[in-house]
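Letter by letter, the chains look like this.
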Amino acid sequence: MVTGGGGPGVAMAAWSVSSAAAANVFLLLVFPRVSHAQTFSFPFLQPESCGHNQYFDISALSCVPCGANQRRDARGTSCMCLPGFQMISNNGGPDFICKKCPENMKGITEDGWNCISCPGGLTAEGKCHCPTGHILVERAVNGTLLSQATCKLCDENENSFTVANALGNRCVRCEPTVINTSRSCTCSAPNILTGGLCFSNTGNFPSRVISSARYGDLGMSFTSEWFAKYLQSSAVACWVYANLTSCQALGNMCVMNMNSYDSTTFDACGLFQFIFENTAGLRTVHSISFWRQNLPWLFYGDQLGLAPQVLSTTPLPTNFSFKGENQNRKLKFVAASYDVRGNFLKWQTLEGGILQLCPDTETRLNAAYTFGTTYQQNCEIPLSKILTDFPSPIFYDVYLEYTDENQHQYIWALPVLNLNLQYNKILVNQDSSSSKWLLTRRIFLVDTLSGRENDLGSQPRLIRIATQISLSIHLVPNTKNGNIYPPLITIAYSDIDTTDPSSQSVKVSFSVKYEMNQGEAQVQTDIALGVLGGLAVLSSLLKTAGWKRRIGSPMIDLQTVMKFLMYYAGDLANVFFIITVGTGLYWLIFFKAQKSISVLLPVPAQEERLVTYVGCAFALKALQFLHKFISQITIDIFFIDWERPKGKVLKAVEGEGGVRSATVPVSIWRTYFVANEWNEIQTVRKINPLFQILTVLFFLEVVGFKNLALMDSSSSLSRSPPSYIAPSSRILRYAVSTVLWLVIGIIQIMFFVVFYERFIEDKIRQFVDLCCMSNISVFLLSHRCFGYYIHGRSVHGHADTNMEEMNMNLKREAENLCSQRGLVPNTDGQTFQIAISSQMRQHYDRIHETLTRKNGPARLLSSSASTFEQSIKAYHTMNKFLGSFIDHVHKEMDYFIKDKLLLERILGMEFMEPMEKSIFYNDEGYSFSSVLYYGNEATLLIFDLLFFCVVDLACQNFVLAAFLTYLQQEIFRFIRNTVGQKNLASKTLVDQRFLI
């Protein structure tokens, strides 16, 4: 209560406070506060656990007692009156009232609301009971309740032909076949009662019907309850009365038996074939000879050679295209669906996963019907889920919907290749020859019905599941407009023994593949292989001839044959590489870029040819690489030191106690330095291998070039996560990988040659300059009588000098105040290819044997010091000999200098044989790099590429391929440096400890 002043504002505030308080009180009453000690658990009860006088409260999820004179009903979720009690109040809730009936009216009406006198006994529920054939009448025609119920006998006479229905509350007309056969409501002998139908003697119709279901996968056959009840009746109704649903039901049972036919038995397909053959007088449907009136179309006939005609004779009258204004990229499949009893259900499209058992999003499921997209779906489904989702089989007749030129809609029936079909106990559809196939029409996904033995309501003993469904689409040869032949559905069923459905599962798959005749492409590939292979033989013969001249041996021996095979392996590897890259580019460009469809990608089986070629290219290229690798680490090399002693010094003489003059020793550090630089450039390449691999991997995985290898028509480099990702084509993966690898490699080489070597660093030319600055020449023999010479003789006479003199020498050379560096006076030619005479080689070998300590006096010496001195002596001997050879001292082993002919340069061989004099060929291209990685970049690039592609083709993983490629590069690089150091140390007497 508010007293005193304050005005309406104060009053309003007081009213607000009062309202808020009232609201809080209301909330506390409706939603009481939760105690911290309160728990949220209660007993777990099921309806069947409630007592006889209890029912299961679906709200409280607990058992609640029934009221007085009540008991639990059949479902257990409510109560009902006891027998002898009538309902007097029931509003649909849990509370209702029951009242006992008087003694003279102990029966209860069917609806339970009234008491009534019964003419006979009572049922267990307390309701009136009538004899068989009678119906119970409780009310008059106008609904008035009778004081006493009566039992009326249905009139079975000819004018009525009625019997009591299953509920016993109405007279209905007898089954028509019973009336037609016996003119009564009883199917008596000699008539036959089967499946609820009555038939008289059917003439020549088979009397012995086999009601068994075949399960070929499990090697067993047993009597199916469904077949036992409905096979004969469906067949007779179809045969005698042309009943449409019975004919469809019979066809369904044939399909459930895998369309298998045995001429000696009358099972489902035998009966269907009997009816088909004996209804030849009926007209066909849509002028299709295999489709008889009233019958479903199940078979295409059993003539040999019919399948190829159906599959590859008549193209579909429609076109498909990937791009353009009139693009048509959707396969519009529709299916007529039937239930197991033969009732037509509806027309439905296959989109939404109608034939796909594996669950997925609608977008991914519908991607199966995008033309040109190879589709693959695999999953494992619990058997319990299959039993729940497919209580009864649904049957499908599949068609392809298309629009003709006049915009009229038509459908084309799709043939089915059932791999489980047996014709006279032979699995003809598993034959490799299509001429022996028997094509069918109708399919189903799951059959849980025919595997029930004794009771249709029991769990099936066996179930049959379509575990493999494949849709094959063949392109018409030489088409330019995307014409295809009728698609083929290939289906394989698996029979599962349901021993423990809760723990069992089954693997299923659904695929769509596109094919075209690859015969012409294979012929063109064979022609190219033959022509290029012949050129490879000529090239190998020329290389072998050049090699024979360079080793100075005219005899053709086993070594010559082996060398030819090595050269041929390398050339043939290039042939395979060119063919495979060309083939891959062809499919990549023409498939992805086409508008009207004229080519389709090879299927995995057709890709095996190209994969084999890639494997051959890699194996042969690896052989060529190893051949070059071994050749490079076994070359003969010697560093000629032109430096001469500067004066003499006084040197103490051991054991004599005096001194004597001796020449100033020449420093070995220049030789070590040049040898170390030579060792460093052995694995120098025109590309950066790590950058090459990382860049290729970046474009493939990050930029998305790998998506170009997917077996669909899209040229996009990205795919949205919800969309279906098609499997990769091995041909396209190879094409994309090779293109990226070659393009990035060529760009690297061009950058290296055009920019890097000119403006930053050219290690090959720097090595030649280093030799000249160090006053050391390099004498290198890659063959017995052929090699290379780098003229490093200093124009200043000495290189072992101080900094001031070194700078002065460089300044004089820059100002042209001294002679040029070339071997020939007034020229700059410092590098040469050399072809030495046999006499020169023999003299070189005699000295070299002592240098390398393989034989000669050094082997007989026990002192290591003496051995070392012997090697030092041999080193000086070799240095003096080669120096005098270069200076034309040995007239019997002289040489002359000339330019190579253009043809000699092209063929890579020498026409002139060094007989008496050796030949020095001017070499401005620094071809001595051919004994290094630098001069074999093409071989290394292709070998790395093929290694990368072979790993990817085997593993379908670009990242793994990149890692293994880098690993093999590092391994060979390590081996090359390690073995190269040892060879260099042994051939030049350079201590390996100074080579890094």
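Residues numbered from 1 in each chain as written. Predicted model: local features only at pLDDT ≥ 70, side-chain atom pairs only at ≥ 80, totals over all residues. Heavy atoms only, no water.

- If you look the protein up in an unreviewed UniProt entry, it shows as Meckelin from Enhydra lutris kenyoni.

Observations regarding the overall build of the protein
Here is step 1: When you go through the protein residue by residue, the secondary structure sums to 21 helices and 37 strands.
Here is step 2: In the protein, which comprises 996 residues, the share counted as buried stands at 45%.
Here is step 3: In the protein, 64% of the contacts between residues at least 6 apart in sequence involve partners at least 24 apart.
Here is step 4: Of the roughly 50,700 Å² of accessible surface on the protein, 57% is carried by carbon and sulfur atoms. (Helix = DSSP H or I, 4+ residues; strand = E, 2+ residues; numbered from the N terminus. Buried < 20%, exposed > 50% of the residue type's maximum accessible area, 1.4 Å probe, protein only. Contact = heavy atoms within 4.5 Å. Areas by Shrake-Rupley, 256 points an atom, 1.4 Å probe, with all protein chains shown as cover.)

Observations regarding a nonpolar patch on the surface
Here is step 1: Together, Ile746, Met750, Phe751, Val753, Val754, Phe755, Phe759 and Ile760 give the surface a local cluster of nonpolar side chains, amounting to about 800 Å² of exposed area.
Here is step 2: The residue isoleucine 746 is located in helix H14 (residues 730–759) in this model. (Patch = residues over 30% accessible without salt bridge, like charges linked within 9 Å, V, L, I, M, F, W, Y side chains within 5 Å. Salt bridge = Lys/Arg side-chain N within 4 Å of Asp/Glu carboxyl O.)

A short note on the pattern of salt bridges
Here is step 1: Scanning all chains against the criterion turns up 28 salt bridges.
Here is step 2: Aspartate 389 is the partner of lysine 385 in a salt bridge, and the nearest nitrogen-oxygen pair spans 2.6 Å. Of this pair, lysine 385 and aspartate 389 are both found in helix H8 (residues 383–389), 4 residues apart, which corresponds to roughly one turn of the helix.
Here is step 3: The network of salt bridges with shared partners includes Arg550, Lys900 and Glu910.

A closer look at the state of the cysteines
Here is step 1: Considering all chains together, one arrives at 11 disulfides under this definition.
Here is step 2: The disulfide bridge from cysteine 66 ends at cysteine 79, spanning 2.0 Å between sulfur atoms. Across the S-S bond linking cysteine 66 and cysteine 79, the dihedral sits near -85°, which makes this disulfide left-handed. Pair noted here: cysteine 66 is in the loop between strand E2 (62–65) and strand E3 (70–72) and cysteine 79 is in strand E4 (residues 79–81), with a separation of 13 residues, a long-range link. The residues cysteine 66 and cysteine 79 share a single accessibility class, namely buried. (Disulfide = S-S within 2.5 Å.)

Some words on the side chain of histidine 791
Here is step 1: Mapping histidine 791 onto the fold places it in the loop between strand E34 (786–790) and helix H16 (803–814).
Here is step 2: On the accessibility criterion, histidine 791 (5% relative accessible area) is buried.
Here is step 3: A distance of 2.7 Å separates a polar atom in the side chain of histidine 791 from a polar atom in the side chain of tyrosine 789.
Here is step 4: If we skip the residues at most four places from it in the chain, histidine 791 touches Ser777, Arg821, Gly822, Leu823, Gln830, Phe832 and Ile886. (Polar contact = N/O pair within 3.5 Å; in protein donor to acceptor, adjacent residues only side chain to side chain.)

Concerning H16
Every α-helix carries 3.6 residues per turn, so stepping three or four residues along brings you back to the same face.
Here is step 1: The end-to-end C-alpha separation of H16 is 16 Å, in line with the 16 Å expected for 12 residues at 1.5 Å each.
Here is step 2: Once H16 ends, the next one or two residues include asparagine 816, with phi positive near 60°. (Expected span 1.5 Å × (residues − 1).)

Description of the pairing of E34
Here is step 1: Judged by how many residues are buried, E34 sits mostly within the fold: 5 of 5 residues are covered.
Here is step 2: Residues of E34 alternate between two faces, with Phe786, Tyr788 and Ile790 on one and Gly787 and Tyr789 on the opposite face, all of them buried.
Here is step 3: Of the pairings in the sheet, the one linking strand E33 (residues 776–781) to E34 comprises 4 bridges and is antiparallel in character. The residue of E34 that forms the bridge with leucine 781 is glycine 787.
Here is step 4: Taken together, E33 and the strand that follows it, E34, pair antiparallel across an intervening segment of 4 residues.
Here is step 5: Pairing analysis gives 5 bridges linking E34 to strand E35 (residues 831–835), with the strands arranged antiparallel. By the bridge assignment, isoleucine 790 is partnered in E35 with threonine 831. (Pairing = 2+ DSSP bridges.)

Quick notes on the packing of helix H10 (residues 558–593) against H14
Here is step 1: Relative to each other, H10 and H14 sit at 110°, their axes nearing to 8 Å. Relative to H14, the element H10 is oriented roughly perpendicular. Two secondary-structure elements touch here, H10 through Phe577, Thr580, Val581, Gly584, Leu585, Trp587, Leu588 and Lys592 and H14 through Ile731, Leu732, Tyr734, Ala735, Val736, Thr738, Val739 and Leu742.
Here is step 2: Its residues assigned to classes, the contact of H10 with H14 shows 12 nonpolar, 3 polar and 1 charged. (Axes fitted to C-alpha atoms, helices over the stretch in contact; angles between N-to-C directions. Parallel < 35°, antiparallel > 145°, perpendicular 65-115°, else oblique. Nonpolar A, V, L, I, M, F, W, Y, C, P; charged D, E, K, R; others polar.)

Looking at the UniProt feature "transmembrane region" (unreviewed entry) in the protein
Here is step 1: Those residues carrying the UniProt feature "transmembrane region" (unreviewed entry) are residues 565–590, 690–711, 731–755 and 940–967 in this numbering.
Here is step 2: Between the end C-alpha atoms of residues 940–967 the distance is 14 Å, and the span holds 93% helix and 0% strand. (UniProt positions renumbered as here; feature names shortened; annotations may be inferred.)

Things to note about the packing of aromatic side chains
Here is step 1: For the structure shown, the criterion picks out 54 aromatic pairs.
Here is step 2: Seen in terms of ring centroids, tyrosine 375 and phenylalanine 510 are 6.1 Å apart; in terms of plane orientation they differ by 75°. Their pairing is edge-to-face. Of this pair, tyrosine 375 sits in strand E21 (residues 375–382) while phenylalanine 510 sits in strand E29 (residues 505–515), and the two are 135 residues apart along the sequence.
Here is step 3: The class of tyrosine 375 is buried, set by a relative accessible area of 1%.
Here is step 4: Each residue in the set Phe618, Phe625, Phe629, Phe943, Phe947 and Phe972 is aromatic and connected to the rest through ring pairs, giving one cluster.
Here is step 5: A cation over an aromatic ring shows up here: arginine 292 above the ring of phenylalanine 276, its NZ or CZ 4.0 Å from the ring centre.
Here is step 6: Above the face of the phenylalanine 786 ring, arginine 550 is positioned so that its terminal group lies 3.7 Å from the ring centre. (Phe/Tyr/Trp six-rings, centres within 6.5 Å; stacked < 30°, edge-to-face > 60°. Lys NZ or Arg CZ within 6 Å of the ring centre and 35° of its normal.)

Observations concerning the pairing of strand E18 (residues 288–292)
Here is step 1: The sheet contact formed by strand E17 (residues 284–285) and E18 spans 2 bridges and is antiparallel. By the bridge assignment, threonine 284 is partnered in E18 with arginine 292.
Here is step 2: The hairpin turn running from E17 into E18, its antiparallel successor, is 2 residues long, and histidine 286 in that turn takes a positive phi close to 55°.

Quick word on the environment of glutamate 520
Here is step 1: One can find glutamate 520 in helix H9 (residues 519–551).
Here is step 2: Glutamate 520 sits in the exposed class, given a relative accessible area of 52%.
Here is step 3: Linking glutamate 520 and asparagine 478, residues 42 residues apart in sequence, is a C-alpha distance of 9.8 Å.

Quick notes on the nonpolar core
Here is step 1: Among the nonpolar cores identified, the biggest contains 123 residues, and Leu331, Phe333, Phe371, Val398, Ile465 and Phe948 are the most heavily contacted of them.
Here is step 2: For this core, the element with the most residues is H10, which contributes 11 residues.
Here is step 3: When residues of this core are assigned to domains, at least three fall in each of domain 2 (306–515) and domain 3 (580–635 + 669–760 + 935–994).
Here is step 4: Those residues in contact with phenylalanine 948, other than ones at most four positions away along the chain, are Val696, Leu700, Ser737, Trp741, Phe958, Ala961, Ala962 and Thr965.
Here is step 5: Val674, Ile681, Val684 and Val931 belong to the second largest nonpolar core, which has 29 residues in total. (Core = buried A, V, L, I, M, F, W, Y, C linked by side-chain atoms within 4.5 Å. Domains from an automatic or database assignment.)

A look at the confidence of the model for the protein
Here is step 1: This prediction gives the protein a mean pLDDT of 86; 90% of its residues lie at or above 70.
Here is step 2: Across residues 25–30 the pLDDT falls below 50, and counting only partners more than four positions away or on other chains, this stretch makes 2 contacts in the model.
Here is step 3: The low-confidence segment residues 854–863, where pLDDT is below 50, has 11 contacts with residues more than four positions distant or belonging to other chains. (pLDDT = per-residue confidence, 0-100.)

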